[in-house]
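# A look at the structure
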Amino acid sequence: MREGFSDVEWLARTRAEGDVEAWLAWVPYARRIGVSAIPDPHADGLLYRLAPSEGNVGNVLLPALHGGVVAAFMETAATLDLMLATRIPRLPHIVDLSIDYLRTARVAPTHARCRLLREGRRMANVQVSAWQEDEAVPVATARLHFVLADPVTTDHADA
């Protein structure tokens, strides 16, 4: 039995269990930059965390996180959150990402909360807010558009 995103049974089981850590294990760049997820203490769903790491620094003079790392963190959070929120197990493929960098993201724990704006039959829209010390003072916000693929027809083993 092959395990991973192309295995429908594995995807359905990990989704039912809310096992985002199993999904993160299959996303090498998410592990590399330090993405994790925990139950949100203030709402239903998950709160995503980007651990501070010198390898994520873009501006060593401040120091500040690289904008690409912040974007990758927010994209990962949105994708995983959408995988949990869809009505049936689906594999989101990003179509468009619009990100607003609002202030410098220092080398400090960074958090993100996602909100599913719309889930259609084929498309979904997710909004993400990322902050460091205070959720009311975000470092970036993003809107992402996804195509929702059926895991049965998405077979990466043939690619």
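Every value quoted in this text rests on a predicted model; they were computed, and no experiment measured them.

Residues of helix α1 (residues 8–17) that are buried include every one of W10, L11, T14 and R15, and no others. Down the axis of α1, the buried set is contained in an arc of 125°. They therefore lie on one face. Exposed residues on α1 whose side chains face more than 90 degrees from its buried face are E9, A16 and E17. Tucked inside the fold, the buried residues of α1 contact α2 (20–24), α4 (67–85) and β5 (91–101). Of the residues trailing α1, G18 is marked for its positive phi of about 65°.

With that settled, the discussion passes to the confidence of the model for the chain. Residues with a pLDDT of 70 or more make up 93% of the chain, whose mean pLDDT is 91. Looking across the chain, the model is least confident in α1, with a mean pLDDT of 88, and most confident in strand β7 (residues 123–131), with 98. Ignoring residues within four places in sequence, the model shows residues 153–159, a span with pLDDT below 50, making seven contacts including any to other chains.

Whether parallel or antiparallel, the strands of a sheet pair through hydrogen bonds between backbone atoms. Read across the sheet, six strands follow the order β1-β2-β6-β7-β8-β5 without closing on themselves; strand pairing throughout is antiparallel. Every other strand in the sheet has two partners, leaving β1 (35–39) and β5 as the edge strands with one partner each. Across this sheet, the average inter-strand angle for adjacent strands is 30°, counted without regard to direction. Pairing of β1 with strand β2 (residues 46–50), which is carried by five bridges, proceeds in the antiparallel orientation. Across the sheet, residue P39 finds its bridge partner in β2, namely L46.

Further remarks concern the packing of aromatic side chains. One pair of aromatic rings is described through two measures. These are the centre distance and the angle between the planes. A full pass over the atoms with the stated rule returns one aromatic pair. With a centroid separation of 6.2 Å and 65° between ring planes, the pair formed by W10 and W26 is classed as edge-to-face. Here W10 is found in helix α1, whereas its partner W26 is found in the loop between α2 and α3 (28–33), with 16 residues between them in sequence. W10 sits in the buried class, given a relative accessible area of 2%.

About the criteria used
Residues numbered from 1 in each chain as written. Predicted model: local features only at pLDDT ≥ 70, side-chain atom pairs only at ≥ 80, totals over all residues. Heavy atoms only, no water. Buried < 20%, exposed > 50% of the residue type's maximum accessible area, 1.4 Å probe, protein only. Helix = DSSP H or I, 4+ residues; strand = E, 2+ residues; numbered from the N terminus. Arc of directions from axis to C-beta. Contact = heavy atoms within 4.5 Å. pLDDT = per-residue confidence, 0-100. Pairing = 2+ DSSP bridges. Axes fitted to C-alpha atoms, helices over the stretch in contact; angles between N-to-C directions. Phe/Tyr/Trp six-rings, centres within 6.5 Å; stacked < 30°, edge-to-face > 60°.

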